[in-house]
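Chains, contacts and geometry: an overview
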Amino acid sequence: EIREKDTERELLLEDQRASKVVEEYLEENAAILEKAEECPICLEPIFDVAGAGIFMCCGCTTCGSCWEPLKSMANKTCPLCRGRFPPKSEHLRIFSLKAAAGKAWAQCSLGNEYYYGLTGLAVDKQKARSLYRTAADQGYSHAYYQLGLLEGARGNYSEAFRLFEAAASQGHMNALGRLGMHYWTGEGVEQDDVKAVRVMTISTKLVQATQSNVHQMLAECFAIGVGGLEQSLIRSLYYMKPAIEESELPPSAMVFYAKLLWGLSGSQIAPSGDNSVPEALFWYRRAHAMSGDAETLVNAETLPYIEEYESSIRELCSCCFKSLSTDNRKRCVECKAVYYCSWECGAADWKAGHKKDCTKALKKRLRATGEFSDI
C-alpha cells in the first residue's frame, strides 16, 4: 500500500512536470499551433501526425483518436465529404492517381507503400525517397519526417536532424521526439541532455501512441538522473513499460527494464501482490534466450541475476515460508519465479496477490501480438 501511494505521488508529479514543459513550449512556439493541422472532427490540433488517419476520398486528415472508430468503414459514406470511402483493395490505385495530380498526402502515402513494400509492391526506397521529396517540396510535414528516417538510416545524421526540425516546426511531435534522440546521442547535433529531456517529454506527452525509442531514452534519463531530472525508478518504469510491452525491443532493452524492476524490489521477495521480481526474471530470461551467444554482454549481465534469484527462491515456500526439499518443491508453471510446498499453498498465494505479480497475463498479451513464444 505504501509503495502504491509512492507510485501515485511520483506519477502525479511527473504529469505536472510534463504538462508544465508542454505549456512553456507552446507559449514559446505559438506559431506551431497555427501551423499544426486541425482535426475536422474534434477540432483539436493533430500533433501525432504519424498516427493520424487520412480519408482517401477527400484527403482530409483526422487525429488518431477520431480515426480509430472510422478506419474500418470501407464502402461506407465519408462523414466529411459524404463521398464513398474506398475499400483497402483500391487504396494503391487512389494513391497513384492523386499523387500524379500533385496531392502531397497521396505522394507521401504512396512513398510509404514503396518504402515498406505494402499492397504487393516490391520495396523500392529510391522511389519512396523521390515521392517523399516531392511531397516535402510542398511543405508536407510527414514527408519531412519520413525523409528524416531515411537519412538517419543512411548515417546522414545532420540532414536527418534538419528534416526532423522542419517537420517539428509544423507541429509534427513525432519528429520532435526524434530531435530528442539526436540531442541525447549527439548524432548530427551537439549533445545536450537538457534539450533531449525537454523535447522528448513534450513528444511523449502530446503523441498518443508509444514511441518506443523515445520512451526508452526518457526512461534512461530518469534511471540515472540527467538532463535536469531527479533520479526516479518509478518514473523510469512509467516510460519504459509501454515501450517494452508494445514493441519488439532488443535484448539490451529487456535487460534495462528488468534492472528497473529488480531495483524497485530492492532485490528481495516482496509480499504477494507487490512483487516485481517475477516480471524482472521474465525479462531477464527472455533477453538471455534471445541473445543467443553465451559470451555476449547481455548474457554476461543476465546470468548472474537469474542464477542468484533462482538459487534464493528454491529454499522457501512463497506462501507459508516452510523449507523446501526436492520432494515437496512445486513451482508456478506460468512465471517460474515462485516455489511452494503444496498446490494448496500455491492456490492460497494466487488469491493473496500472486495473480497480480505473475507474468501469465503479460505472456498472454505478448502472444496475442505475436511477439512471444514460450521460453
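Residues numbered from 1 in each chain as written. Predicted model: local features only at pLDDT ≥ 70, side-chain atom pairs only at ≥ 80, totals over all residues. Heavy atoms only, no water.

Turning our attention to the overall build of the protein. Along its length, the protein carries 17 helices and four strands. Considered along the principal axes of its C-alpha atoms, the protein spans approximately 75 × 45 × 40 Å. In the protein, buried positions account for 47% of the 375 residues. Sequence separation of at least 24 residues holds for 51% of the intrachain contacts in the protein that already meet a minimum separation of 6. For the protein, the exposed area adds up to about 18700 Å²; of that, 51% sits on carbon and sulfur atoms. The protein carries 43 positive and 49 negative side-chain charges, and their two centres are separated by 7 Å. (Helix = DSSP H or I, 4+ residues; strand = E, 2+ residues; numbered from the N terminus. Buried < 20%, exposed > 50% of the residue type's maximum accessible area, 1.4 Å probe, protein only. Contact = heavy atoms within 4.5 Å. Areas by Shrake-Rupley, 256 points an atom, 1.4 Å probe, with all protein chains shown as cover. Lys, Arg positive; Asp, Glu negative; His and termini not counted. Charge placed at Lys NZ, Arg CZ, Asp CG, Glu CD.)

Quick look at the nonpolar core now. Grouped together as the largest cluster of nonpolar side chains are 95 residues, with contacts concentrated most on Y140, M173, L176, M240, I244 and W283. Tallying contributions element by element places helix α13 (residues 251–265) first for this core, with nine residues. C39, I46, A52 and C63 belong to the second largest nonpolar core, which has five residues in total. (Core = buried A, V, L, I, M, F, W, Y, C linked by side-chain atoms within 4.5 Å.)

By secondary structure assignment, the location of G188 is in the loop between α9 (173–185) and α10 (193–206). G188 sits in the partly exposed class, given a relative accessible area of 32%. Residues G188 and A243, spaced 55 residues apart in sequence, show a C-alpha to C-alpha distance of 25 Å. Apart from the residues within four sequence positions on either side, G188 is in contact with Y157, S158 and F161.

Bringing the pattern of salt bridges into the picture now. A complete count under the given rule lists 12 salt bridges for this structure. A salt bridge links E14 to R17, with the nearest nitrogen and oxygen atoms 2.8 Å apart. Of this pair, E14 and R17 both sit in helix α1 (residues 2–28), separated by three residues, roughly a single helical turn. Like R17, E14 is buried. In this structure, the salt-bridge partner of E90 is R93, at a minimum N-O distance of 3.3 Å. Connected through shared salt-bridge partners, R9, E10, E14, R17 and R235 make up one network. (Salt bridge = Lys/Arg side-chain N within 4 Å of Asp/Glu carboxyl O.)

Here the focus is the layout of surface pockets. In this approach, a probe sized like a water molecule rolls over the atoms, and the result shows the empty space that is left. One number sums up the size of the largest pocket: a volume of about 1000 Å³. Around the largest pocket, the lining is made up of 38 residues, and of these A52, G53, I54, S109 and N112 lie nearest the centre. If you list the elements that add at least two residues to the lining of the largest pocket, you get β1 (53–54), α4 (91–100), α5 (104–116) and α7 (141–153). Looking at the lining of the largest pocket element by element, the count peaks at six residues for α5. Broken down by class, the residue content of the lining of the largest pocket amounts to 19 nonpolar, 14 polar and five charged. (1 Å grid on protein atoms, 1.4 Å probe; cavity = no way out; pocket = protein on both sides within 12 Å on 5 of 7 lines; lining within 4 Å. Points joined across faces, edges and corners; volume = space filled by probe spheres on them. Nonpolar A, V, L, I, M, F, W, Y, C, P; charged D, E, K, R; others polar.)

The tally for this structure, following the rule as stated, stands at 12 aromatic pairs. Pairing F161 with Y183 gives two aromatic rings, centres 5.4 Å apart and planes at 85°, and the pair type is edge-to-face. With F161 in helix α8 (residues 157–168) and Y183 in helix α9, this residue pair connects regions lying 22 residues apart in the sequence. The same class applies to F161 and to Y183, which are both buried. Pairwise contacts between aromatic rings join F55, W67 and F85 into one cluster. (Phe/Tyr/Trp six-rings, centres within 6.5 Å; stacked < 30°, edge-to-face > 60°.)

Attention now goes to the packing of α5 against α7. At a closest axis distance of 10 Å, the pairing of α5 and α7 adopts a crossing angle of 25°. Relative to α7, α5 is oriented roughly parallel. Remark: the crossing between α5 and α7 carries left-handed chirality. Of the residues in α7, those in contact with C108, N112, Y115 and Y116 of α5 are H142, A143, Q146 and L150. Classifying every residue of the contact of α5 with α7 by side-chain character gives five nonpolar, three polar and no charged. (Axes fitted to C-alpha atoms, helices over the stretch in contact; angles between N-to-C directions. Parallel < 35°, antiparallel > 145°, perpendicular 65-115°, else oblique. Left-handed = near helix turned anticlockwise from the far one by under 90°.)

What follows concerns α8. Taking 1.5 Å as the rise per residue, α8 with 12 residues should run 16 Å; its terminal C-alpha atoms sit 16 Å apart, in good agreement. All buried positions along α8 are accounted for by A160, F161, L163, F164, A166, A167 and A168. (Expected span 1.5 Å × (residues − 1).)

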